[in-house]
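# Remarks on the overall topology
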Amino acid sequence: MKIIEKLKEETRELHEQIEDKNLARQIIDHSIDLTTYKLLLLQNYLAYRETETEIQKFLPHYESKKHQQLKQDLQQLGITGEIPSKNGIFECHSKAEALGAAYVVEGSALGGMVLAKNLQKCAALDEIPRHYFFNGDKNNMQDWKAFKEELENYPFTPSEEKMAIEKAKDTFRFFERIFDRELNVDLNPTFKHQGQ
C-alpha cells in the first residue's frame, strides 16, 4: 500500500470527526454569517500558521502560503488587532513528521475548492470583494499533486512511516484543539474595503 493510502486510511476517523466541528460546514449549507466567517478564518489562520511554520523547518522549499492568505482575509475584514499566538504547541522533529503534517495541510486544498464554489452562494458574505484563502484557484490542486509526488518519492523507513502517520493524526488533533478553543478577539470591527 502506498504511503498516501496509509495516511488516508489511518486518519480517516479523525478527519471526519474534525469536519463535524469545522465552521466551514456552514459554508456548504450557505447559512454562515459574517461573524462566524471571521471566526472560521481566524481559527484556520492560527492552525495553519503553526503547522506551516514547523513544516518549513524540515522542508525548506515548502511554500507556507495558506496562513499568509488567511492573514490577508483577516486584514481585509478589519481583524488586525493582536491575534493570539499559541494554543499549546505544534512541533515537527524530522522530515518524516513534516511530511505527515504537510499531508493534512496540503490535503485541505481538495475541500477548499468545494468551499470556494459554495462561498458565492452565501448571501451574508456578498460584501467581501475578494477571498484570498478560499479562492478556488486551480493551482491549489497542482500544489497537492506535487506534494503527493514528493511524498511517494521519499524513501520512508518503516519507523519513519509510523512517525509520518502519527504526525498526520497529531496535526488533525491540533486543528481540532484550535477549533474548540475560545478566542478572545473582537470579531465585529468595521468592515474595511481596501480597494483591492
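Description of the structure in this document. Numbering of residues starts from 1 in every chain and runs along the sequence as written. Under the rules for a predicted model, residues below a pLDDT of 70 receive no local features and side-chain atom pairs below 80 are neither given nor counted, while totals for whole chains, interfaces and linings still include all residues. In computing side-chain properties, one takes all heavy atoms of the structure into account and sets aside hydrogens as well as water.

### Regarding the overall build of the chain
Working definition: helices are DSSP H or I runs of at least four residues, strands are E runs of at least two. Numbering for both runs from the N terminus. In terms of regular secondary structure, the chain is built from seven helices and zero strands. Along the chain direction, N to C, the helices and strands of the chain fall in the order α-α-α-α-α-α-α. Principal axes of the C-alpha set define a box for the chain whose edges measure 50 × 30 × 30 Å. When contacts within the chain are restricted to residue pairs at least 6 apart in sequence, long-range pairs at least 24 apart make up 85% of them. Every accessible area reported is derived by Shrake-Rupley at a probe size of 1.4 Å, with residue values counting cover from the shown protein chains alone. Element-wise, carbon and sulfur atoms account for 47% of the exposed surface of the chain, whose accessible area totals about 10,200 Å². Two residues qualify as a contact provided that any one of their heavy atoms is within 4.5 Å of a heavy atom in the partner residue.

### Some words on the nonpolar core
Grouping buried Ala, Val, Leu, Ile, Met, Phe, Trp, Tyr and Cys residues that are joined through side-chain atoms within 4.5 Å yields what is termed a nonpolar core. Only protein chains enter the calculation, and the probe is 1.4 Å; a residue is then buried if its accessible area is under 20% of its type maximum, exposed if over 50%, and partly exposed in between. Ranked by internal contacts, the top residues of the largest apolar core, which has 58 residues, are I27, Y37, Y103, F134 and L151. When residues of this core are traced back to their parent elements, those giving at least two are α1 (3-21), α3 (34-58), α4 (66-76), α5 (95-119), α6 (139-153) and α7 (158-180). If we skip the residues at most four places from it in the chain, Y37 touches I27, I32, L77, L119, L125, I128, H131 and F134.

### A look at a negative patch on the surface
On the surface, E13, E16, E19 and D20 cluster together into a negatively charged patch. Structurally, E13 is set in helix α1. For E13, a relative accessible area of 64% corresponds to the exposed category. In this scheme, patches are assembled from residues that exceed 30% relative accessible area and form no salt bridge. Like charges are connected within 9 Å, while nonpolar side chains (Val, Leu, Ile, Met, Phe, Trp, Tyr) are connected within 5 Å. When a carboxyl oxygen of Asp or Glu lies within 4 Å of a side-chain nitrogen of Lys or Arg, that pair is called a salt bridge. None of His or the chain ends enter the tally, which takes Lys and Arg as positive and Asp and Glu as negative. Where a charge lies is defined by one atom per residue type: Lys uses NZ, Arg uses CZ, Asp uses CG and Glu uses CD.

### Some points on the environment of K21
Residue position: K21 is located in helix α1. Considered as a pair, K21 and F179 are 158 residues apart in the sequence and their alpha carbons are 7.1 Å apart. With near-sequence residues (within four places) excluded, K21 lies in contact with E176 and D180. For K21, the side chain forms a polar contact with the side chain of E176, separated by 3.1 Å. Nitrogen and oxygen atoms within 3.5 Å of one another constitute a polar contact, given that in protein one can donate a hydrogen and the other can accept it, and given that sequence-neighbouring residues count only through two side-chain atoms.

### Focus on a positive patch on the surface
On the surface, K2, K8, K145 and K148 cluster together to form a positively charged patch. By relative accessible area, K2 is classed as partly exposed at 49%.

### Concerning the packing of α5 against α7
Axis separation between α5 and α7 bottoms out at 7 Å; the angle between their running directions is 40°. As the angle between them shows, α5 and α7 are arranged oblique. In this structure, the crossing between α5 and α7 has a hand that is right-handed. Within the contact between the two elements, α5 uses A96, E97, G100, A101, Y103 and V104 and α7 uses E160, M163, A164, K167, A168, T171 and F172. Classification used: nonpolar for Ala, Val, Leu, Ile, Met, Phe, Trp, Tyr, Cys and Pro, charged for Asp, Glu, Lys and Arg, polar for all others including Gly. The class makeup of the residues in the contact of α5 with α7 is eight nonpolar, two polar and three charged. All axes here are fitted lines through C-alpha atoms, helices being fitted over the stretch that makes contact, and every angle between N-to-C directions spans 0 to 180 degrees. Orientation labels follow simple angle bins: below 35 degrees gives roughly parallel, above 145 gives roughly antiparallel, 65 to 115 gives roughly perpendicular, and whatever is left gives oblique. Each crossing gets its hand from how the near helix is turned against the far one by less than a right angle, where anticlockwise is left-handed and clockwise is right-handed.

### Quick word on α4
Residues of α4 that are buried include every one of K66, H67, Q69, L70, D73, L74 and Q76, and no others. G78 occupies a position one or two residues after α4 and carries a positive phi of about 85°.

### What to know about the side chain of Q69
By the secondary structure assignment, Q69 is in helix α4. Residue class for Q69 comes out buried when judged on its relative accessible area of 16%. In contact with Q69, other than residues within four places in its own chain, are Y132, F133 and N135.

### Concerning α3
How far a helix is expected to stretch is found by multiplying one less than its residue total by 1.5 Å. Taking 1.5 Å as the rise per residue, α3 with 25 residues should run 36 Å; its terminal C-alpha atoms sit 37 Å apart, in good agreement. Extensive coverage of α3 is indicated by the burial of 19 of its 25 residues.

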